[in-house]
Amino acid sequence: MSSGVAIDLENVWIKFGDFVAVREANVNINGGDFFSFLGPSGCGKTTILRAISGFLEPSDGRILIGGADMAGIGPNKRPTALIFQNLALFPLMKVWENIAFSMEVAGASAAERRKRADELLDMIALDGQGDKLPSELSGGQKQRVAIARALCANPDVLLLDEPLSALDLKLRQHMRTELREIRRRVGITFIYITHDQGEALTMSDTVAVMKSGVIDQIDTGHNIYDHPSTPFVASFVGENNLFRGKIKQISGNEAVISTRRSGDLLAQITPSQVGKLSVGNEAMLFIRPEALELSDSKATGKTSISANVVNQEFEGNSFSVFLEGDGGKQIKMSVPNLGQDNIAAAGENLSLRYDAANAVVMPVGELASE
Amino acid sequence: MKKKMIFSEFFKNNGVVMGSLLMGLVGFWLVFLIVLPQLSMLDYSFRFNLPPAEQGGPKDVYTLSNYQQLIYGSDTTRQTYNTVDLMVFVRTIIAAMAVTIFNIFLCYPLAYFLGQSKGSGFVRLLVVLLIIPYWINEILRAFALRIIFGDSGLLNEALMLLHLTREPIDFIRQDIALYAGLGYAYILLMLFPMYNVIESLDRNQIEAARDMGASWLRIHRRIVIPHAKPGIASGATMVFMLSAGALAAPQILGGPSSLWFTQLVYQWFNDSLNWQQGAAYAIVLLASTIIIVLTVMKAFKVNMGDIGK
Ligand SMILES: Nc1ncnc2c1ncn2[C@@H]1O[C@H](COP(=O)(O)OP(=O)(O)OP(=O)(O)O)[C@@H](O)[C@H]1O
Ligand SMILES: [Mg+2]
């Protein structure tokens, strides 16, 4: 069983004419990792994956697979297998022929191919379905066949381009678990592309968040969620409440910013910006809906907010309460459903509080569009 | 059951009046322009060529003599075969097949190139450039080719200028001009169906195969050609049928000693004024080409339904 091979992108630029699709990407992926590229549509995720698999050469910079420079090495010579965004199964070949296509290319006999295909079909829980055509399978089954076809060549790295995007929610969640299980069994490096942050956070060891060709942050899913390093990451990954203001005071890794409507607020400076901010700078502060809670006392401190309720929505496991915030934006608070009938009535003035450790402040930057 | 659904759907979409009108037109077209003329030809082919006075008279009975003429000639004892006409028939069929195969090999790379370099302006320009010569009348095109292939034509002049040949080559007598003309006459009917199917092939399938190490040859053999098969089949059917039934190109570009079977048909109709005999020859040609097309389609496992796509 292979243990996976490391992949490094060193200062990679990819241009289509004048258009820069990927700008200065520096990524180190450990062997055996589940690594995700997360970003909105058109940010260059597929482009990066095509460069890793060898379908296009970077305009500048190097791509190393297992320490070896891949410049000039074609997709067929790289130890990678790519699963396409639309799967690209061969519709006129039977399922087992699809799976064993890489062996057919290598000249294996039909009996050998069939045997290996049946083993892989077993692994993806589709035993006995080898003689069907891809069109006779369900979406999730096709998905698994595409994975089996990629694994058949025993690649060191599996590249997956949004393979679950075509599936419905239930199946997508099921396939997430299954992908993780398959990865555990084969132990190779997975590079996964998605614009679904839930997918990236649940499955990956490491996530790279991209915005129009630029990688904003590379970190564990946990850190990406708790300590976003740019406003884009903070607003793209999960839900977040934004407060804008000027920095009033800095002490160590904490800062106070003064906002127009919510007063002075205390928060941690995002790790990459500690020591780089100064008093008087414009800044953005983010607090997650679930980090806000109802406060018993009247809001006075630097970790409390007082605002009027606009409305409330029942979500099942929680209530979402929307309050008046700055600049027409609403503040969202999420309150766990513990059997309450109701949290607050529209128009009521609420006092909220949060822990400074759960709020993060950073320089002003671009936000993810909603 | 399914048919009924299609019809009711059709009427719902077009309204009863418009729907009936459209159906009526299609029916008229089928019956009066396709079925009836062919049926009357079939009827002709089984009758004697009688002077008008005797038509409908006691002598006007069905006969196989017109078909016997093709096989045995005027020898009523059936001792010798009509080798001249039969050879023309066989040569026509084989030459039409050769033209078809040649067109397949010529068009496939072109169709692949056009189909896979999706919609770029250059490709659209190329397609237009391919179509423009076909605005010119078929007969005019054939004569133009005759000039090019003539003794002092462009091709011979060029060859002699390059010292590739000292004497002009007689392209006409060698039938090279004929094959070139036939190939050229219907090449777009091969190119466009192929281009259409290849354009609909998902590029990712080719890249997936490449990712798995497949050579170009294997990619074409296992992925592109199977996908393009219906297009190749419909192109090949049209080119074969039309080449075998062509008249203008053989008349204008054929050598003096080589006849095309359609020219025999034409002679019976036009020179001998024996429509019954001409009809029998034409029916033989039609039936043979249909049988050949169906046999080849079966051999290559192509369904009739796929061709219509
Ligand atoms: N061959 C190409 N020529 C020119 N521009 C291209 C080409 N391929 C991609 N692009 C551009 O590069 C950008 C990134 O494309 P890419 O396919 O990598 O996006 P993506 O992140 O995979 O998006 P999605 O989530 O929608 O698949 C897009 O703006 C796209 O228009
Ligand atoms: Mg993509």
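Since the model is a prediction, treat every value here as computed from it, not as a measurement.

(A) Just the site of ligand 1, in detail. Residue and element names in this part refer to chain A. Around ligand 1, the surrounding shell consists of Phe16, Phe19, Ala21, Ser41, Gly42, Cys43, Gly44, Lys45, Thr46, Thr47, Gln85 and Glu162. Between ligand 1 and the protein, one listed contact pairs an oxygen atom with a backbone N or O atom of Gly44 at 3.0 Å. Within the side chain of Lys45, one N or O atom sits 2.8 Å away from an oxygen atom of ligand 1. Compared with its free state, where it exposes 640 Å², ligand 1 has 60% of that area covered by protein. Mapped onto the shell around ligand 1, the elements with two or more residues apiece are strand E2 (19-29) and helix H1 (45-53). Tallying contributions element by element places H1 first for the shell around ligand 1, with three residues.

(B) Quick look at the coordination of the magnesium ion (ligand 2). Residue and element names in this part refer to chain A. Distances from the magnesium ion (ligand 2) to its protein donors, Thr46 (OG1) and Gln85 (OE1), fall at 1.8 to 2.7 Å. One end of the pair, Thr46, is in helix H1; the other, Gln85, is in the loop between strand E6 (80-83) and helix H2 (95-99), with 39 residues separating them in the sequence. Of the residues examined, Thr46 reaches a relative accessible area of 27% and is grouped as partly exposed. Taking the relative accessible area as the measure of exposure, Gln85 reaches 37% and is therefore partly exposed.

(C) Representation of the interface of chain A and chain B. Contacts between chain A and chain B engage 22 residues on the former and 16 residues on the latter. Interface area for chain A against chain B, summed over the two sides, is near 1700 Å², with a carbon-plus-sulfur share of 57%. The tally of links between chain A and chain B comes to four salt bridges. One salt bridge connects Arg222 of chain B with Glu104 of chain A, and the closest N-O pair in it is separated by 2.6 Å. Summed over the shared surface of chain A and chain B, the number is seven residue pairs in polar contact (both at pLDDT 80 or more). Only H1, E6 and helix H3 (101-106) of chain A provide two or more residues apiece to the side of chain A that touches chain B. Ranked by the residues each element gives to the side of chain A that touches chain B, the list is headed by H3 of chain A, at four residues. Grouping the amino acids of the side of chain A that touches chain B by side-chain chemistry returns 13 nonpolar, five polar and four charged.

(D) Up close: the sheet that holds E6 of chain A. Residue and element names in this part refer to chain A. If you trace the six strands from one edge of the open sheet to the other, you get E6-E7-E8-E3-E9-E10, paired in mixed fashion. Looking at the sheet topology across the chains shown, the edges are occupied by E6 and strand E10 (214-219). Averaged over all neighbouring strand pairs, the angle between strand axes comes to 15°, with direction disregarded. Of the pairings in the sheet, the one linking strand E3 (residues 34-38) to strand E9 (residues 206-211) comprises four bridges and is parallel in character. Across the sheet, Phe37 pairs through a bridge with Ala208, a residue of E9.

(E) Looking closely at the environment of Val84 of chain B. All names here are of chain B. Within the fold, Val84 resides in helix H4 (residues 83-116). Its relative accessible area of 57% is what places Val84 among the exposed residues. Through-space distance from the C-alpha of Val84 to that of Ile71 is 9.8 Å; in sequence the pair is 13 residues apart.

(F) Up close: the packing of H4 of chain B against helix H14 (residues 275-299) of chain B. Residue and element names in this part refer to chain B. Relative to each other, H4 and H14 sit at 35°, their axes nearing to 12 Å. The crossing of H4 and H14 is right-handed. Contacts from Asp85, Phe89, Ile93 and Met97 in H4 reach Tyr281, Val284, Leu285, Ser288, Thr289 and Ile292 in H14. Taken together, the residues of the contact of H4 with H14 sort by class into seven nonpolar, two polar and one charged.

(G) Looking closely at the domain arrangement of chain B. Residue and element names in this part refer to chain B. Its domain assignment divides chain B into domain 1 (1-45) and domain 2 (83-308). Inter-centroid distance (C-alpha atoms) of domain 1 to domain 2 is 31 Å. In this complex, domain 1 contributes five residues to the contact, which on the side of domain 2 involves seven residues. Interface area for domain 1 against domain 2, summed over the two sides, is near 520 Å², with a carbon-plus-sulfur share of 80%.

(H) Representation of the sheet that holds strand E1 (residues 7-16) of chain A. Residue and element names in this part refer to chain A. Taken in spatial order, the four strands of this open sheet run E2-E1-E4-E5, and their pairing is antiparallel. Whereas interior strands pair on both sides, the edge strands pair on one side only; in this sheet they are E2 and strand E5 (68-69). This element, H1, spans E1, E2 and strand E4 (60-65) of the sheet and lies at about 120° to E1.

(I) Summary view of unusual backbone geometry. Residues and elements named next belong to chain A. Phi is positive for Leu87, close to 70°, though the residue is something other than glycine. Along the polypeptide, Leu87 turns up in the loop between E6 and H2. Owing to a relative accessible area of 12%, Leu87 belongs among the buried residues under this scheme.

(J) Expanded view of the pairing of strand E18 (residues 330-336) of chain A. Counting buried positions over the seven residues of E18 of chain A gives five, a clear majority of the element. Linking strand E17 (residues 318-324) of chain A to E18 of chain A, which pair antiparallel, is a turn of five residues; within it Gly327 of chain A sits at a positive phi near 55°.

(K) Spatial organisation of a nonpolar patch on the surface. On the surface, Val26, Phe28, Trp29, Leu30, Val31, Phe32, Leu33, Ile34, Val35, Leu36, Leu39 and Leu42 of chain B cluster together into a nonpolar patch covering about 1100 Å² of accessible area. Take Phe28 of chain B: its relative accessible area is 45%, and that puts it in the partly exposed class.

(L) The domain arrangement of chain A, seen in detail. What the domain assignment lists for chain A is domain 1 (7-226) and domain 2 (239-363). For domain 1 of chain A and domain 2 of chain A, the distance between their C-alpha centres works out to 39 Å.

(M) Representation of the nonpolar core within the structure. Counting 72 residues, the largest nonpolar core has Leu9, Phe37, Phe101 and Ile191 of chain A as the members making the most contacts within it. Broken down by element, the residue count for this core peaks at eight residues, all from helix H9 (residues 187-199) of chain B. The contact partners of Ile191 of chain A, leaving out residues within four places of it in the chain, are Ile7, Ile29, Phe35, Phe37, Leu49, Ile52, Val157, Leu158, Leu159 and Leu160 of chain A. Of all hydrophobic cores here, the second largest spans 36 residues; its members include Leu89, Ile124, Leu158 and Tyr192 of chain A.

Procedures and definitions
Here the residue index of a chain counts from 1 through its sequence in written order. For this description, chains carry letters from A and ligands carry numbers from 1, given in the order in which they are written. Given that the model is predicted, a residue must reach a pLDDT of at least 70 before its local features are reported, and side-chain atom pairs must reach 80 or more before they are shown or counted; all residues, however, enter totals for whole chains, interfaces and linings. Here the side-chain values reflect all heavy atoms present in the structure, with hydrogen atoms and water set aside. Proximity is defined per residue: any heavy atom of the residue falling within 4 Å of a molecule or strand makes that residue near it. N or O atoms closer than or at 3.5 Å make up a polar contact, with two conditions inside protein: a donor-capable atom paired with an acceptor-capable one, and, for residues adjacent in sequence, both atoms drawn from side chains. Under the convention used here, a 1.4 Å probe and the Shrake-Rupley method define accessible areas, while residue burial counts only the protein chains that appear. The numbering of helices and of strands both runs from the N terminus, where a helix is a DSSP run of H or I of at least 4 residues and a strand a run of E of at least 2. For Na, K and Ca the donor cut-off is 3.2 Å, and for all other metals it is 2.8 Å, counting N, O and S atoms only; because water is absent from this set, sites may look incomplete. Categorising residues by exposure relies on relative accessible area from a 1.4 Å probe, with only protein chains included: less than 20% of the type maximum marks a residue as buried, more than 50% marks it as exposed, and the intermediate range marks it as partly exposed. Any two residues whose heavy atoms approach within 4.5 Å at even a single point are treated as in contact. When two parts are put together, the accessible area they lose, computed with a 1.4 Å probe and summed over both, is reported as buried area. A pair is scored as a salt bridge if a Lys or Arg side-chain nitrogen falls within 4 Å of a carboxyl oxygen belonging to Asp or Glu. Amino acids are sorted into nonpolar (Ala, Val, Leu, Ile, Met, Phe, Trp, Tyr, Cys and Pro), charged (Asp, Glu, Lys and Arg) and polar (every other residue, Gly among them). Strand pairing is assigned whenever DSSP detects at least two bridges linking the two strands. The convention used is that axes are lines fitted to C-alpha atoms, helices contributing only their stretch in contact, and that angles between N-to-C directions extend from 0 to 180 degrees. In this scheme the handedness of a crossing depends on how the near helix is turned from the far one: anticlockwise by less than a right angle means left-handed, clockwise means right-handed. Domain delimitation in this document rests on an assignment produced automatically or drawn from a domain database. Like charges are joined within 9 Å and nonpolar side chains (Val, Leu, Ile, Met, Phe, Trp, Tyr) within 5 Å, but only among residues with over 30% relative accessible area and no salt bridge; these make up the patches. Among buried residues, those of type Ala, Val, Leu, Ile, Met, Phe, Trp, Tyr and Cys that are joined through side-chain atoms within 4.5 Å constitute a nonpolar core.

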